[in-house]
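# Descriptive analysis of the structure
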Amino acid sequence: MARAALPPHEVADLALAEAGEGRIEWALGQMPVLNRIRERFVAERPLEGIRIGACLHVTAETAGLLVTLGAGGATASLCSANPLSVQDEVAAALVGRHAVAVRAARGEDLDAYAAHVRATLGDGPQVTLDDGADLLITAHGLGGELLEGLIGGTEETTTGLVRLRRLEQEGKLQCPVLAVNEARTERALNDRHGTGQSALDGIIRASHVLLAGHTLVVIGYGWAGQGIAERARGAGAAVIVCEIDPLRALEARMAGYEVMPVLQAAERGDVFVTVTGSRRVLRREHFERMKDRAVLANAGHFDVELDLEELRSLATGGVTEVRPLVEEYRLQDGRRLNLLAHGRVVNLAAAEGHPAAVMDVSFALQALCVEELVRKGSQLGPGVWPVPETIDTEVGRLKLAALGVEIDAPTAEQERYRESWL
Ligand SMILES: NC(=O)c1ccc[n+]([C@@H]2O[C@H](COP(=O)([O-])OP(=O)(O)OC[C@H]3O[C@@H](n4cnc5c(N)ncnc54)[C@H](O)[C@@H]3O)[C@@H](O)[C@H]2O)c1
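In this text, all values refer to a predicted model and were calculated from it rather than measured experimentally.

With that settled, the discussion passes to the sheet that holds strand β2 (residues 51-56). Spatially, β1-β4-β3-β2-β5-β6-β7-β16 is the arrangement adopted by the eight strands of the open sheet, whose pairing is parallel. Strands with a single pairing partner mark the edges of an open sheet, and in this sheet they are β1 (9-10) and β16 (383-386). Sheet analysis places β2 next to strand β5 (residues 127-130), joined by four bridges and oriented parallel. Looking at the pairing, G53 lines up with T128 of β5. Strands in contact with helix α6 (residues 134-142) are β2, β3 (75-80), β5 and β7 (176-179); relative to β5, the strand with the most contacts, it is inclined by about 130°.

Structure representation (structure tokens):
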């Protein structure tokens, strides 16, 4: 029998498929909620014939999501939300074993990245899945038939939602988008626990730094920053938080961290992590004050949080790759600043992103949101919408069950008491 033709693809090496399949199986072994949804999708086929376009980190967990959507009857095309986060073996397995059109290779340049986003849109997706909104924003730039065929999209990260809300405010957003990033289950697990553990994992894998006894500076105390601060403290680091929002700064202080402007923290830190979603939060004036051998990392979505041009211009002594993903910038006075993962999102570029058990929740939400869009997208209308509470609660309930945790339900008396309040 002839082998089924492969879907369109531009991946590093199809021969890596077997290794990729192993990674996917390992990830799925830690994704019980997604597995439950997949079993239901196999039986009900709620996505029959739907074309999905995804711009997500090309990891084993993402593969688990796409396999689940495929089980529901969808066909999928995938490009990467970040060239450094691509797991080439997973890309190969998705093409070779799961009929997903993948255009992504680790380390691809920005031109290739943009071409892959456009090619993914060329497959005519009806539902888009984004992590940073590149797919949907590009679709809006291209316009035409592509937008007419769109049922809707989902967005996985804070920065993507900022961009899409800007589009909405300008009256240009043409389809509904479900804000997966803001679901309660996502906030609780992904941003805090996922980023908290994996950002430190990336920093440690790349630099092999010991956190205990050292000072780690977290710039941005949002959901992700809180997780990083908490985990770093747990590992024995003294943690300094820098913020611009008074309430977030107050929260950090009440949680027991030192809080101060970045300029002061610059002199104290051994490890710096930016996670603000903003730009140039670490720049010349800060680099000039840092200690010899300070480690610099970014966990925010875009690589704009450190001003790399200014860092480069300060490095009159040269820039050397001293370990994989560690560049040493030698300043005029001999001090060395160590930049991790080229300033790109460190937990993905230097580690494997959020652990599968965390992505289980994110991608269970994604799968149920795709189903929701297919069922009810036309009723929603253009705009950024919250994930329906029923989906959020269902995912939380399934995750608790998978963890073997039981909880109480309110008694009838308690329900009546609550409802008696005006
Ligand atoms: N690496 C990951 O896996 C991961 C996970 C979640 C979010 N993110 C990304 O991390 C960034 C932050 O996400 P979040 O969900 O924590 O957002 P958030 O909006 O909850 O928090 C960002 C915080 O940064 C603060 N901030 C902004 N500019 C600042 C500045 N100049 N100096 C100090 N503080 C500043 C804000 O006041 C806010 O409290 C976004 O880019 C998001 O996309 C990455």
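There is more to say after this.
Attention now goes to the environment of L314. Tracing the chain through its elements places L314 in helix α14 (residues 308-314). Along the sequence, L314 and F287 sit 27 residues apart, while their C-alpha atoms lie 8.4 Å from each other. Those residues within four positions of L314 in sequence are excluded, and the remaining contacts are R284, F287, E288, R330, L331 and Q332.

A separate point is the site of the ligand. Neighbouring residues of the ligand: 27 residues in total, closest T158, T159, E243, R248 and N347. Between the ligand and T159 there is a distance of 2.7 Å, counted from an oxygen atom to a side-chain nitrogen or oxygen. With respect to the ligand, the backbone of H301 contributes an N or O atom lying 3.0 Å from an oxygen atom. The protein chains hide 87% of the 840 Å² of surface that the ligand would expose on its own. Secondary structure elements with two or more residues in the shell around the ligand: α8 (158-169), α9 (184-207) and α10 (223-234). At three residues, the largest contribution of residues to the shell around the ligand is made by α9. When the residues that make up the shell around the ligand are grouped by side-chain class, the tally is nine nonpolar, 13 polar and five charged.

Conventions used here
Residues numbered from 1 in each chain as written. Predicted model: local features only at pLDDT ≥ 70, side-chain atom pairs only at ≥ 80, totals over all residues. Heavy atoms only, no water. Pairing = 2+ DSSP bridges. Helix = DSSP H or I, 4+ residues; strand = E, 2+ residues; numbered from the N terminus. Contact = heavy atoms within 4.5 Å. Axes fitted to C-alpha atoms, helices over the stretch in contact; angles between N-to-C directions. Near = heavy atom within 4 Å. Polar contact = N/O pair within 3.5 Å; in protein donor to acceptor, adjacent residues only side chain to side chain. Areas by Shrake-Rupley, 256 points an atom, 1.4 Å probe, with all protein chains shown as cover. Nonpolar A, V, L, I, M, F, W, Y, C, P; charged D, E, K, R; others polar.

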